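A closer look at the structure
The chain contents come next:
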Amino acid sequence: MTPKRLYGIVATAEMVTWALLIIGMIARYGFDFHSLMFPFGLAHGTAFVSYAVVSGVVGLNQRWKFGHVFGAVALAIVPFATLPFDRWLNRRGMLEGQWRTEATDDPRDAGVIDRMLRFWLRHPVALFVSLAVAVVVVVFVLLQLGPPTQWFS
């Protein structure tokens, strides 16, 4: 699984769950049918958090600037706004390449973050399990906080 493929899968899941959430909102507010909101909201929340995590890992691996990682996550807040961003990344080749599991003679490879990234990338099962647990914990905390519309009221 390349960084491009993983990012593409998670970005697609984020957009599909946006569509489901919009369908759930139409059902709730247009037809007073509330049953779709929780499962579609949970699916989208999980996909959003997963997209943020994967964008961070892929961004580190591909050596994106901080603004690109931030942009990926920020654009996921707006329905389907990640699509033009994902196409922009592809056109610029910013998703090309393999996972950086080994150090090179690039001076940037000597940094702590790059060494930690290489360690985790050499242990993909442990990385996946750790990130999956992190996503579950974040989603659980967000569920405890309630819907985003209630966070600041």
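Rules used in this analysis
- Residues numbered from 1 in each chain as written.
- Predicted model: local features only at pLDDT ≥ 70, side-chain atom pairs only at ≥ 80, totals over all residues.
- Heavy atoms only, no water.
- Helix = DSSP H or I, 4+ residues; strand = E, 2+ residues; numbered from the N terminus.
- Buried < 20%, exposed > 50% of the residue type's maximum accessible area, 1.4 Å probe, protein only.
- Areas by Shrake-Rupley, 256 points an atom, 1.4 Å probe, with all protein chains shown as cover.
- Lys, Arg positive; Asp, Glu negative; His and termini not counted.
- Charge placed at Lys NZ, Arg CZ, Asp CG, Glu CD.
- Phe/Tyr/Trp six-rings, centres within 6.5 Å; stacked < 30°, edge-to-face > 60°.
- Core = buried A, V, L, I, M, F, W, Y, C linked by side-chain atoms within 4.5 Å.
- Contact = heavy atoms within 4.5 Å.
- Axes fitted to C-alpha atoms, helices over the stretch in contact; angles between N-to-C directions.
- Parallel < 35°, antiparallel > 145°, perpendicular 65-115°, else oblique.
- Nonpolar A, V, L, I, M, F, W, Y, C, P; charged D, E, K, R; others polar.
- Salt bridge = Lys/Arg side-chain N within 4 Å of Asp/Glu carboxyl O.
- Arc of directions from axis to C-beta.

1. Side note on the overall build of the protein
- Across its full length, the protein holds 6 helices and 0 strands.
- Traced from its N-terminal end to its C-terminal end, the protein shows the element sequence α-α-α-α-α-α.
- Principal-axis analysis of the C-alpha atoms places the extent of the protein at approximately 60 × 30 × 30 Å.
- Relative to its full complement of 153 residues, the protein shows a buried share of 31%.
- Carbon and sulfur atoms make up 73% of the accessible area of the protein, which totals about 9600 Å².
- On the protein, the mean spot of the 13 positive side-chain charges and the mean spot of the 9 negative ones are 2 Å from each other.

2. Focus: the packing of aromatic side chains
- Taken as a whole and assessed by the stated rule, the structure comprises 5 aromatic pairs.
- Note on Phe-66 and Phe-70: the rings are 6.1 Å apart at their centroids and 25 degrees apart in plane angle, and the pair reads as stacked. Of the two residues, Phe-66 and Phe-70 both sit in helix α3 (residues 66-75), 4 residues apart, roughly one turn of that helix.
- For Phe-66, a relative accessible area of 67% gives the class exposed.
- Put simply, the rings of Tyr-7, Tyr-51 and Trp-64 touch in pairs and so form one group of aromatic residues.

3. Side note on the nonpolar core
- With 14 residues, the main nonpolar core has Tyr-7, Tyr-51, Val-58, Trp-64, Phe-85, Leu-89 and Leu-95 as its most contacted residues.
- The set of elements that each furnish at least two residues to this core consists of α1 (3-31), α2 (37-62), α3 and α4 (82-91).
- Contact partners of Trp-64, with chain neighbours within four places excluded, come to Tyr-7, Ser-55, Val-58, Gly-59, Val-69, Leu-89, Met-94 and Leu-95.

4. Focus on the packing of helix α5 (residues 112-122) against helix α6 (residues 124-145)
- The contact between α5 and α6 brings their axes to 5 Å, and the two run at 105 degrees. It follows that α5 is roughly perpendicular to α6 by the angle criterion. Residue-level contacts link Trp-120, Leu-121 and Arg-122 of α5 to Pro-124, Ala-126, Leu-127 and Ser-130 of α6.
- For the contact of α5 with α6, the per-class residue count stands at 5 nonpolar, 1 polar and 1 charged.

5. So, the pattern of salt bridges
- Considering all chains together, one arrives at 5 salt bridges under this definition.
- Residue Glu-96 pairs with Lys-4 through a salt bridge whose shortest N-O separation is 2.8 Å. On the criterion of sequence distance, the pair formed by Glu-96 in the loop between α4 and α5 and Lys-4 in helix α1 is long-range, its members being 92 residues apart.
- Two residues, Asp-106 and Arg-63, come together in a salt bridge whose shortest N-O distance is 3.6 Å. Taken as a pair, Asp-106 in the loop between α4 and α5 and Arg-63 in the loop between α2 and α3 lie far apart in primary sequence, 43 residues in all.
- Salt bridges linked by common partners bring Arg-63, Arg-100, Asp-106, Arg-108 and Asp-114 together as one network.

6. Structural notes on α3
- If you check which residues of α3 are buried, you get His-68, Val-69, Gly-71 and Ala-72. Relative to the axis of α3, the buried residues are bounded by an arc of 160 degrees and lie together on one face. Along α3, the residues that are exposed and aim more than 90 degrees away from the buried face are Phe-66 and Phe-70.
- Elements in contact with the buried residues of α3: α1, α2 and α4.

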